Amino acid sequence: MRQFSVFLKGTLILTLAGLLSRFLGFFYKIFLAQALGAEGMGIYQLIFPVFSVCHALTTSGMETAISRFTAFAKKEEKGAWLYAGLFVSVLAASLAGLVLWTQAPFIAARLLHESRCEPLLRILAAAVPLSSVHSCFAGAYLGRKKTGIPAAAQLLEQILRIGTVWLLCSIKIQQGETITPALAVFGLLAGEAGSALFMLTVTGGEQKVRIRPLNDLDKCRSLLRMALPLTGSRLSLTLLQSAEAVLIPLSLQKSGLTTAEALSMYGILTGMALSFLMFPNAVTASISAMLLPVISEEQAKGNKKSISSTIEYTIQFGLTIGILCMGIFLHFGDRLGTILFHERLAGEFLVTLSFICPVLYLTGNLNSILHGLGKTSITFFNQLASILVRILFVV
């Protein structure tokens, strides 16, 4: 019963923070769409596959490993797992950021096929190590089932991002200068910097960790043994997702659209319609974050009945939310896209994509359960098949 109350409390905190963050982010996307235009949104969205690749390569596997080992560890050892993972992740992220900075011209011209992305990638390079700091601390706190600090960091990141972009846009308007996608990337950098600094400040006075080189080296090895397979699978999936993201505007150009029209349509799809479609995911994502450590603990105790009940309730909840949202987007999608984004096509995309809601909101939670059970290969092959089918249809 206590385990369930901890799970419920943690989920509620993350859900409230997630909903507020998505609420702010939703209006932020509307503001960006109006400030940058559809083509500017398309250019801005093009850099996110690169950011995702850097995150998958340096951080995502380590975040999951930290969360799982922290859930198992004794109280006095929990901090040591965090700092061991932080060392490995930040070192890898710093190297990735350096490569991104030096190779920005090549990545923009050859991989993204859009030279205007070069200055955006250079700004993004500074955000990669900061993102790894934020993610490692979030994984550690979720492993302890302490969700208050990750939730606060999430909100702070969103507020700083929006505030920075709004301030920079106001300055540009007063000076009579053009608003460019680079301003939005500066906002992303400010958000990552603020959340990383917040995590370091809060954790610094919370606990004293005794550094023992041999033990910490063993912990680094243990974390890497779990993180590397996860990193490999997530990196390959992210690379395929990035290929899909680049293929969409290229395929639109091959169909007869100009570069500006293709980028505009890509911006409407990813920056407007999909961001709106993912808004309810704040609830299911909060459950997903709490499921991994809970399932790991129950598995360690051999409590199969509790795991079975958790899976059953997760499926019921995910399908209920998904079917409800499908009905809303199916019926009101046209009007919502036109009213909020002033783009008729955004509304059409919402209606078309509404049918995926029941499985979209359920998949993340089931993946988290499987990760908690240590069955990461199942989720990898499932996601791999999904991405390959999507790429096949794009081509």
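Everything here concerns the structure above.
Residues numbered from 1 in each chain as written. Predicted model: local features only at pLDDT ≥ 70, side-chain atom pairs only at ≥ 80, totals over all residues. Heavy atoms only, no water.

**Student:** Describe the pattern of salt bridges, and please don't skip the residues or the numbers.
**Tutor:** What the rule picks out here adds up to eight salt bridges. Among the salt bridges present, the one from Glu-118 reaches Arg-122, with a minimum N-O distance of 3.5 Å. Residue Glu-118 and its partner Arg-122 are located together in helix 5 (residues 118-143), separated by four residues, close to a single helical turn. Note on Arg-122: relative accessible area 25%, which makes it partly exposed. The partner of Glu-177 in a salt bridge is Lys-172, and the shortest N-O contact between them spans 2.8 Å. For Lys-172, a relative accessible area of 24% corresponds to the partly exposed category. Bridged by salt links that share partners, the residues Glu-39, Glu-114 and Arg-116 form one connected network. (Salt bridge = Lys/Arg side-chain N within 4 Å of Asp/Glu carboxyl O. Helix = DSSP H or I, 4+ residues; strand = E, 2+ residues; numbered from the N terminus. Buried < 20%, exposed > 50% of the residue type's maximum accessible area, 1.4 Å probe, protein only.)

**Student:** How would you sum up the nonpolar core? Please name residues and give values.
**Tutor:** Nonpolar side chains in soluble globular proteins generally cluster together in the buried interior. Counting 61 residues, the largest nonpolar core has Tyr-44, Leu-100 and Leu-121 as the members making the most contacts within it. In terms of residue count, helix 1 (residues 2-46) provides more of this core than any other element does, eleven residues in total. (Core = buried A, V, L, I, M, F, W, Y, C linked by side-chain atoms within 4.5 Å.)

**Student:** If you had to explain the packing of helix 4 (residues 104-111) against helix 5 to someone new, which residues and values would you point to?
**Tutor:** The contact between helix 4 and helix 5 brings their axes to 8 Å, and the two run at 130 degrees. In terms of orientation, helix 4 lies oblique with respect to helix 5. For helix 4 against helix 5, the interelement crossing comes out right-handed. The residues of helix 5 that touch helix 4, namely those facing Ala-104, Pro-105, Ile-107 and Ala-108, are Glu-118, Leu-121 and Arg-122. Residues belonging to the contact of helix 4 with helix 5 are distributed by class as follows: five nonpolar, no polar and two charged. (Axes fitted to C-alpha atoms, helices over the stretch in contact; angles between N-to-C directions. Parallel < 35°, antiparallel > 145°, perpendicular 65-115°, else oblique. Left-handed = near helix turned anticlockwise from the far one by under 90°. Contact = heavy atoms within 4.5 Å. Nonpolar A, V, L, I, M, F, W, Y, C, P; charged D, E, K, R; others polar.)

**Student:** I'd love a proper account of the packing of aromatic side chains, names of residues and values included.
**Tutor:** The final tally for this structure, using the stated rule, is five aromatic pairs. Note on Phe-276 and Phe-341: the rings are 6.5 Å apart at their centroids and 65 degrees apart in plane angle, and the pair reads as edge-to-face. Taken together, the positions of Phe-276 in helix 9 (residues 259-277) and Phe-341 in helix 11 (residues 304-341) put the pair 65 residues apart, joining distant regions of the chain. Each member of the pair, Phe-276 as well as Phe-341, is classed as buried. Directly above the aromatic system of Trp-101 lies the positively charged group of Arg-122, at a separation of 5.2 Å from the ring centroid. Over the aromatic face of Trp-81 sits the side chain of Lys-219, whose NZ or CZ is 5.3 Å from the ring centroid. (Phe/Tyr/Trp six-rings, centres within 6.5 Å; stacked < 30°, edge-to-face > 60°. Lys NZ or Arg CZ within 6 Å of the ring centre and 35° of its normal.)

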